[in-house]
Each structure stands twice: as structure tokens, then as C-alpha cells.
Amino acid sequence: MGAQTAAGGLDAVVVGSGPNGLAAALVLASAGLSVQVHEAAGTTGGGTRTEELTLPGFHHDVCSAVHPMALASPFFRAFDLTAHGVRLLQPEIPYAHPLDGGRAALAWRDLDRTAEGLGPDGAAWRSLLGPLVRRWSGVVDTAMSDLRGVPRDPLAALLLGLRTLEQGTPAAAARFRTGEAAALLAGVAAHAIAPPRRLAPAGAGLLLATLGHAVGWPVPAGGSRAITDAMVNRLRQLGGRVVTGDRIDDLAQLPPARTVLLDVSPAGLLRIAGDRLPAGYARSLRSFRYGGAACKVDFALSGPVPWAEPECARAGTLHLVGSAAEARIAETAVVRGRHPERPYVLAVQPGVVDPTRAPAGKQVLWTYAHVPNGSPRDVSDQIIAQVERFAPSFRDLILATHVVPAAQAGAHNPNYVGGDISGGAVTGWQLVMRPAARWDPYRTPLPGVYLCSASTPPGPAVHGMSGLHAAGRALRQQFGIRTAPLDLIRGGR
């Protein structure tokens, strides 16, 4: 363990061992500080864990499964997962969007090959995404910033902004002539659990689509747990300590430390800080909006999914909802608190590149359906129906299932309030001003206490950037260390 402060306490304590909490801990430890992480669960990882949820030998990602940001986010580019032993496996087709009649729109790693497959809309797809792909690192740096300063690549920021304004408004209707291209983009935008034709989801969709062509949508060999293990191992090499099975319900439970970073939701901060918070800030946290949710269903299968469009068997991720119009209808229902008859289903088949996920000849299928926040429903029948819509006889392959309704998601990850896996509703305002309207969204009114979860900018996804931004502020404000956090991570390799 690193050297302790003169008073005998720690330099820093982190609550929560998700990607953001671990990223914060790594920044602090790389600066030579003594760091201790407290995790409520029996294992580390938060949203990046892998377990045998159905049958022995079937390894399922508990939360996140596909990781473009593992290659693209500034934190992970500096950390370099590959250098820490993580193998990121690339499906030939990052994502596919099946349609009725045995058709599918396919997003290949190669932008030109994707455009060729979109026929009359190929040129439109290339002109929309090509400039973003060419400046992808600047696009990512803009989207993964604290959303407070001048972009490092102003042209990339402008390109992303103009395209977001187009795709997040009725002007989007003029871009494509065919259902395939429109559906392909709507499918990625709907990751935000919001109607695709709004600014925040449109921006998220453009970012994800750009990464599909620029760096791919990889899956870690062995499961998402590999990312957590690499981060925890490095933290321990730097002298940090991780305590599992230790639920923190009050700040008083923590050991003495000069600074505390909380990888928790606004609801978690209210619970842990109690009446220590000023009334105005507490009101802001209570008014924070949580968004639509996910009912997750994992399948153990006797064989590969029999997609009607054979090329879908080469895709790592599939968006199962039908047309772009159907995606808008389904997502609008969810944000209005209704269960759509045909929900948006996100499916991942890691076995297309990772045979270790299931016994020989068998497969796992990771799925979730979007549902209203707090929904107690098991929607596995609707998920099966959506898969069978594009893969007849899928039901015959099912050996076992594991279901987590949205209302139960908080049992394994308290940050998923009501099943909201995004850390808060994905709206333009709440992406910038989360969790409250403050210039410094990470620093709380409590001395030395910072929030570093996905409920701070830049928001959801496994990128580590909320932790990095919060830790950078703690270093400057509590320790007078002004070295750039990314330089600390690079120097620690």
C-alpha cells in the first residue's frame, strides 16, 4: 500500500469499483497517493462483470458487453488495455439491424463496404459519417470531455455538432431514401433509451456509429470482467487496496482520508451524505431525472442463433426493433412510461469471436429490452418474440434463461436506479448539467468529496472519463498536483 498521510489516514478513498471508480483510483494512485476502494458487492466491477448466470460453462456479461470505448476513450487509450493483457476481439460486423422479410442493414468495420451495402443511400451514409471517422479521436475527445471547455479539435466538435443538429431534428428525414440506412442509424441512437430523433440520442448514435468504423465494437476475451481485472491488478501494483463486500451507507463508515470520490448515483449520494448536504444541492439531486430502463435476459443456447439473413451471424451486436419508425414508437412509449408491444431489443452474441463463452457448439446470447423506469415486468417473452421475428425457431435453441427485471437491477448495481443503466435520463440538459447545474459537476459542497459516476459528464458507457475528470479536480484542489491525469496514467504504464 502507498505511503499514508502524516495524520495516519489515507490520501484518498473511492466508493464503488465500476469503471469510473477504478479510473479515479488509478489516477490518484499514479500520482503516488495512498488509495483504498470500497465495493458493496462481493466482486469488483460494477457494470463490467462476467458470471455463470444460467448453466455451468456459460459465461454471461452481467451488465455491459461490447466496448468501443475500451479502444477509443482518452482514459483507455492512455491506460492501454492490451498492454495489461486484455484481448479485445473484433467481430467482422460491429452491429447489424435485421428487418422483416429476411433483410438486414449491416455496419461493417469498413465504411466503404457499409456504404456499398446500403445501395442508394451509400453516398449519404459516407458523407454523414466519413468526416467523423477521419477525425474520430477529436470527436471522441469532444464527447468524452467534461463539456465545460474549448474542444481540443474544434473542427471535429463542429462536425459532430452540425450532424447532431441534423439527426436530432425533423431534418433527419431528408438524409436517407431507404429504410435500411434510416434503421441502421436509429438502432444505434436508441442505445440512449430515448427516441432517436432527439439531440442527445442522435449525438450518441453518431458517436457509436463513428466508432464502429473507426475502432470497431470489440468484446473482451473471456468477458467484460477482463477489463475490471486489468484495472484492479494495476491499482494493486501501484499500492492501492480494494475492499469488497463493504456497503457504505454513511460517510462516517469510511476511514479518514483527505479526499473521497463516490462512484454512486445522485440517489446514492443523498443516502450516503444524509443531512450533511446543503438544502439547495440536495434539492437538485432529488430533482435529477432517471431515464428509461432495461429488462435484461441472458440465454444459454444449444447452438448459434438462426438469423434469416445469414450475414447477421457475423455481427457482434444486433438491434432488434424493425424500422426506424418502429424504433421511435417503441422508445417514445418507454419515455412516457408505457411498455411497447414490440420493444427495442439489444442483442449481443460474443461467441462469434470468443469461443470461451460457452461449451463447444453452444452459445450465449446477451439481451435487454427497453422498458419504463422501475418496471417489475419480466419481458422475456417479448424479447424471444423479437428475436424469432428475425431468427425463426430461435426458441428451440434455448437451454436456460436468466432474467433481471428493471425493478431488480439495483440489487446487483445500485447505480441502476429503477433499472436506468445510463446513470440518468439522456437529454441534452442532463448530459451537460448532471447531476446539478454547476460549473464543476464533480465537486460536491462537502469539503474534499467528489462525485465520479456516470451521473456526471460525459455520462454513460464504459469509458472511465467521469472518474478521470473527478480525480483530476481532486488532485488539483486537495493536493496541489497539476499534472494532467492522462499523463499520470501514461506514465504509470
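Described in the following lines is the structure provided in the data block. (Residues numbered from 1 in each chain as written. Predicted model: local features only at pLDDT ≥ 70, side-chain atom pairs only at ≥ 80, totals over all residues. Heavy atoms only, no water.)

## Side note on the sheet that holds strand β10 (residues 257-262)
Let me state the cut-off plainly: One requirement defines pairing of two strands: DSSP has to find at least two bridges between them. A helix here means a DSSP run of H or I that spans at least four residues, while a strand means a run of E at least two residues long, and both kinds are numbered starting from the N terminus. The convention used is that axes are lines fitted to C-alpha atoms, helices contributing only their stretch in contact, and that angles between N-to-C directions extend from 0 to 180 degrees. The contact rule is simple, with two residues in contact once any of their heavy atoms fall within 4.5 Å.
Spatially, 5 strands are ordered β9-β2-β1-β10-β16 in an open sheet, and the strand pairing comes out parallel. Sheet topology places β9 (241-243) and β16 (449-451) at the edges, where each strand pairs with a single neighbour. Neighbour-to-neighbour, the strand axes of this sheet turn through a mean angle of 20°, independent of strand direction. In the sheet, strand β1 (residues 10-15) pairs with β10 via 5 bridges, with the strands oriented parallel. Considered in β10, the bridge of L10 is made with A257. On the sheet, helix α16 (residues 465-479) packs against β1, β10 and β16 and is oriented at approximately 160° with respect to β10.

## Details of the sheet that holds strand β6 (residues 93-99)
Spatially, 7 strands are ordered β7-β6-β12-β13-β14-β11-β15 in an open sheet, and the strand pairing comes out mixed. The outermost strands of the open sheet, each flanked by one partner alone, are β7 (103-107) and β15 (398-404). The mean angle between the axes of side-by-side strands here comes to 20°, regardless of whether they run parallel or antiparallel. Pairing between strand β11 (residues 293-301) and strand β14 (residues 363-371): 9 bridges, direction antiparallel. Across the sheet, A293 pairs through a bridge with V371, a residue of β14.

## Some words on empty space enclosed by the protein
The cut-off we apply is this: Cavities and pockets were defined on a 1 Å grid built over protein atoms only: a cavity is a set of grid points that admits a 1.4 Å probe from which the probe cannot escape, a pocket is an open set flanked by protein on both sides within 12 Å along at least five of seven lines, and lining residues are those with an atom within 4 Å of any such point. Grid points are joined across faces, edges and corners, and a volume is the space filled by probe spheres set on the points. Amino acids are sorted into nonpolar (Ala, Val, Leu, Ile, Met, Phe, Trp, Tyr, Cys and Pro), charged (Asp, Glu, Lys and Arg) and polar (every other residue, Gly among them).
The full count for this structure, using the stated rule, is 2 cavities of 30 Å³ or more. What the largest cavity holds in volume is close to 50 Å³. Along the walls of the largest cavity sit H59, H60, D61, A65, V219, D298, V348, P350, R357, V364 and W366, which together make up its complete lining. Taken together, the elements giving at least two residues each to the lining of the largest cavity come down to β4 (60-61) and β14. The residue makeup of the lining of the largest cavity, split by class, is 6 nonpolar, 2 polar and 3 charged.

## What about the packing of helix α8 (residues 179-189) against helix α9 (residues 199-214)?
Going by this rule: Angular relationships are summarised with four words: roughly parallel below 35 degrees, roughly antiparallel beyond 145, roughly perpendicular across 65 to 115, and oblique for the angles in between.
At a minimum axis separation of 7 Å, α8 and α9 run at an interaxial angle of 105°. Taken together, α8 and α9 sit at an angle that is classed as roughly perpendicular. Residues L185, V188 and A189 of α8 form the contact with α9, whose own contacting residues are P201, G205, L206, L208 and A209. Here the residues of the contact of α8 with α9 are counted per class, giving 7 nonpolar, 1 polar and no charged.

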